[in-house]
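# Examination of the molecular architecture
Listed here are the chains, written in short residue letters.
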Amino acid sequence: NLIVNRMLKELAHRNQEQDMTSVLNLYENKSIHIKDNTKINIDDIKREIEENKPNVIFIDYYQMLRLDNELSFLKELKELAVKHELVVFLLSQISRKVEYRNHKMPLLSDIKGSCLLEDFADIVLMLYRESYYNFEDTTKRASVIVSKNTTGYKTYVSLIFDNGHFSNQPNLNF
């Protein structure tokens, strides 16, 4: 949580001339483990933490996990994160109802199963690209939206999405 807050603060306050990569490089020596196994359970995550001592865990994607008890899983995951000072990225899908609104920017309520996820998350980040919904848009604008932040501001970071990559580009008007 503290690492993500520092990263967001840096991204939001950097000069446009500086590349986002320089901010992300601050975290390049962190141990990152990505889990995308739908059969993963909390015991697997505990084992991973004990064996590899990661700083960051990505779980992709939440709705595909086969959980016996979602509430128990989220509680234990949160406890593990606090106990081991971990940053946990729990990747989630948003509902398709966003496609039927005039304004397509995602909201917290668009997260599938958002009630429990919203309760346990310290920070909720959402990605938005206008070109995903508007094929005529050629600006390549993108945003990382901080929809929830229990220890900081709700804000957004403007980025460029080009060739499948997010980056900060100088002298672009958003």
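All values derive from a computational prediction rather than experimental measurement.

On to the pattern of salt bridges. A full pass over the atoms with the stated rule returns five salt bridges. Close ionic contact of D44 with R47 constitutes a salt bridge, the shortest N to O distance being 2.6 Å. Here R47 and D44 lie together in helix 3 (residues 42-52), a separation of three residues that amounts to about one turn. Across the salt bridge formed by E76 and K46, the nearest N and O atoms sit 3.2 Å from each other. With E76 in helix 4 (residues 70-83) and K46 in helix 3, the pair connects residues that are 30 residues apart, well separated along the chain. Using a relative accessible area of 31% as the deciding quantity, one classes K46 as partly exposed.

Considering all chains together, one arrives at three aromatic pairs under this definition. Their ring planes at 20 degrees and their centres at 6.3 Å tell us that Y128 and Y133 sit as a pair that is stacked. According to the relative accessible area criterion, Y128 is buried, its value standing at 10%. On the basis of relative accessible area, Y133 is assigned to the partly exposed category, the value being 25%.

This next bit is on unusual backbone geometry. The backbone phi angle of K53 is positive, close to 50 degrees, even though this residue is not glycine. Along the chain, the position of K53 falls in the loop between helix 3 and strand 2 (56-59). Classification of K53 by relative accessible area gives exposed; the value is 57%. Look at K140: it is not a glycine, yet its phi comes out positive at around 65 degrees. Inspection of the secondary structure assignment puts K140 in the loop between helix 6 (130-133) and strand 5 (141-149). Note on K140: relative accessible area 36%, which makes it partly exposed.

Before going further, it helps to examine helix 3. Those residues of helix 3 lying buried are I42, I45, E48 and I49. Projected onto a plane normal to the axis of helix 3, the buried residues spread over an arc of 120 degrees and lie on a single side. Where helix 3 begins, one side-chain oxygen reaches toward the backbone nitrogen of D43, 2.9 Å away; that side chain belongs to N41. Where helix 3 ends, the next residue or the one after it, K53, has phi of about 50 degrees, a positive value.

On to the packing of helix 3 against helix 4. In the contact formed by helix 3 and helix 4, the axes pass within 10 Å of each other and the chain directions differ by 10 degrees. In terms of axis orientation, helix 3 runs roughly parallel to helix 4. Contacts from I42, I45, K46 and I49 in helix 3 reach F73, E76, L77 and L80 in helix 4. Tallied by class, the residues present in the contact of helix 3 with helix 4 amount to six nonpolar, no polar and two charged.

Calculation criteria
- Residues numbered from 1 in each chain as written.
- Predicted model: local features only at pLDDT ≥ 70, side-chain atom pairs only at ≥ 80, totals over all residues.
- Heavy atoms only, no water.
- Salt bridge = Lys/Arg side-chain N within 4 Å of Asp/Glu carboxyl O.
- Helix = DSSP H or I, 4+ residues; strand = E, 2+ residues; numbered from the N terminus.
- Buried < 20%, exposed > 50% of the residue type's maximum accessible area, 1.4 Å probe, protein only.
- Phe/Tyr/Trp six-rings, centres within 6.5 Å; stacked < 30°, edge-to-face > 60°.
- Arc of directions from axis to C-beta.
- Polar contact = N/O pair within 3.5 Å; in protein donor to acceptor, adjacent residues only side chain to side chain.
- Axes fitted to C-alpha atoms, helices over the stretch in contact; angles between N-to-C directions.
- Parallel < 35°, antiparallel > 145°, perpendicular 65-115°, else oblique.
- Contact = heavy atoms within 4.5 Å.
- Nonpolar A, V, L, I, M, F, W, Y, C, P; charged D, E, K, R; others polar.

Functional significance is not addressed by these values, which are geometric in nature.
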